[in-house]
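These are the residues of each chain, in order.
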Amino acid sequence: MDLYLLAELKTISLKVTTVDMQKPPPDFRTNFEATHPPILIDNGLAILENDKIERHIMKNIPGGYNLFVQDKEVATLIENLYSKLKLMLVKKDETKNNSLLAHLKKINDHLASRDTRFLTGDTMCCFDCELMPRLQHIRVAGKYFVDFEIPTHLTALWRYMYHMYQLDAFTQSCPADQDIINHYKLQQAKGDIQMLKMKKHEELETPTFTTSIPIDISE
């Protein structure tokens with residue numbers, strides 16, 4: 001998503017290639033063996049692993065440094081959110097739901113107190129590129145597996161998501177609902193043949209993208 005944003009700002013030229021890791025093309029196997037995406041190739045240099053890719057963007061990609069702001073409060077605020085989603089999907093009890101809700105409320109309160117479009121200001125940064133995909137997973141996977149929905153009274157959080165949904169950087173990098181659901185189904189399946197067959201069936205569906213907002217947004 002960082003790279004999509006920089007491409008949208010026209011500081012870089014970006015080409016994205018998807019790879020089926022169950023049947024990778026021969027040139028991919030030759031160059032990267034069993035390495036899993038994401039892989040960044042910049043002027044022939046291959047950078048592997050998320051942390052190394054982020055450092056490369058910050059140090060070497062035009063405009064990349066501006067995305068990586070320093071804000072300890074925000075960094076602490078958004079950490080562990082994804083782990084709480086995974087715990088909720090595994091445990092499926094009220095306690096885990098409440099833990100995730102409490103975390104979302106803290107993010108909502110932060111956004112309300114700062115009164116900005118994004119986490120650290122009115123322009124996007126690396127923290128937004130981390131938070132919004134997690135929120136999308138919470139919306140889609142939470143609803144599908146445990147009927148969890150982000151409460152409508154968290155208006156600052158929904159306003160934030162509305163602004164993110166307006167950005168090509170997010171909509172172009174956001175996976176379809178089916179892909180998000182299949183991701184967690186595969187985690188839960190652990191070799192279950194029936195679950196894998198369900199995945200194949202869903203891959204034939206027309207992709208859908210949940211980007212609606214359940215409240216009125218006044219600018």
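Note that the structure is predicted; figures quoted are calculated from it, not measured.

Q: For this particular structure, what's the right way to read the overall build of the protein?
A: Of the regular secondary structure elements, the protein holds 12 helices and two strands. Since a compact globule built from 219 residues should have a radius of gyration of about 17 Å, the 18 Å found for the protein is in line with a globular shape. Each principal axis of the C-alpha distribution contributes one length, and for the protein these read about 50 × 45 × 30 Å. The buried share of the protein, taken over its 219 residues, is 38%. In the protein, 66% of the contacts between residues at least 6 apart in sequence involve partners at least 24 apart. Surface exposure of the protein reaches about 13200 Å², of which carbon and sulfur atoms provide 50%. The averaged location of the 30 negative side-chain charges in the protein is 5 Å from the averaged location of its 26 positive side-chain charges.

Q: What is the right way to read the nonpolar core from this model?
A: A general trend in soluble globular proteins is that nonpolar side chains are found buried together. Of all hydrophobic cores here, the largest spans 56 residues; its most connected members are Leu 104, Leu 135, Ile 138, Ile 150, Leu 157, Tyr 160 and Met 161. Counting residues per element, this core draws most heavily on helix 8 (residues 126-146), at 10 residues. For this core, the domains that each give at least three residues are domain 1 (1-65) and domain 2 (72-204). With near-sequence residues (within four places) excluded, Leu 157 lies in contact with Leu 104, Ile 107, Asn 108, Leu 111, Leu 135 and Ile 150.

Q: So what exactly am I meant to see when it comes to the environment of Val 74 here?
A: Along the chain, Val 74 turns up in helix 5 (residues 72-78). On the basis of relative accessibility, which here comes to 0%, the residue Val 74 falls in the buried class. Taking C-alpha positions, Val 74 is 24 Å from Ile 61, a pair spaced 13 residues apart along the chain. If we ignore the near neighbours within four places in the chain, the residues touching Val 74 are His 110, Arg 114, Leu 119, Thr 120 and Phe 127.

Q: What should I look at first to understand unusual backbone geometry in this one?
A: Where the residue is not glycine, phi is negative for most of them; where a peptide bond is considered, it is trans in most cases. Look at Asn 43: it is not a glycine, yet its phi comes out positive at around 55°. Tracing the backbone through its elements, the reader meets Asn 43 in the loop between strand 1 (39-42) and strand 2 (45-48). Here Asn 43 falls in the exposed class, since its relative accessible area comes to 81%. A positive phi angle is found at Asp 147, which is not glycine, with a value near 55°. Structurally, Asp 147 can be placed in the loop between helix 8 and helix 9 (155-165). Asp 147 gets classed as exposed once you look at its relative accessible area, which sits at 53%.

Q: Help me understand the domain arrangement of the protein in this model?
A: Much of the literature gives interface size as the accessible area that the parts lose upon coming together. For the protein, the assigned domains are domain 1 (1-65) and domain 2 (72-204). Its C-alpha centre places domain 1 at a distance of 23 Å from the equivalent point of domain 2. Both faces combined, the contact of domain 1 with domain 2 buries some 850 Å², and carbon together with sulfur accounts for 67% of it. The interface formed by domain 1 and domain 2 holds zero salt bridges in total.

Parameters at a glance
Per chain, residues are indexed from 1 in the order of the written sequence. Per-residue local features of the predicted model are confined to residues with pLDDT of at least 70, and side-chain atom pairs are confined, for both listing and counting, to 80 or more; whole-chain, interface and lining totals are unaffected and use all residues. Note that the side-chain values use all heavy atoms of the structure and ignore hydrogens as well as water. Counting from the N terminus, the helices are the DSSP runs of H or I reaching at least four residues and the strands are the DSSP runs of E reaching at least two. The quantity called the radius of gyration is restricted to C-alpha atoms. Its globule counterpart is 2.2 Å times the number of residues to the power 0.38. Relative accessibility thresholds used throughout: buried, under 20% of the residue-type maximum; exposed, over 50%; partly exposed, between the two (1.4 Å probe, protein chains only). Residues are treated as being in contact if the distance between any of their heavy atoms lies within 4.5 Å. Only the protein chains shown count as cover for residues, with accessible areas throughout obtained via the Shrake-Rupley method and a probe of 1.4 Å. The charge count treats Lys and Arg as positive and Asp and Glu as negative. His and the chain ends do not count. Where a charge lies is defined by one atom per residue type: Lys uses NZ, Arg uses CZ, Asp uses CG and Glu uses CD. What is meant by a nonpolar core is a set of buried Ala, Val, Leu, Ile, Met, Phe, Trp, Tyr and Cys residues, joined one to another through side-chain atoms within 4.5 Å. For every domain, the bounds stem from an assignment made automatically or drawn from a database. Here the buried area means the combined drop in accessible surface, using a 1.4 Å probe, for two parts upon being joined, counting both sides. A pairing counts as a salt bridge when a side-chain nitrogen of Lys or Arg comes within 4 Å of a carboxyl oxygen of Asp or Glu.

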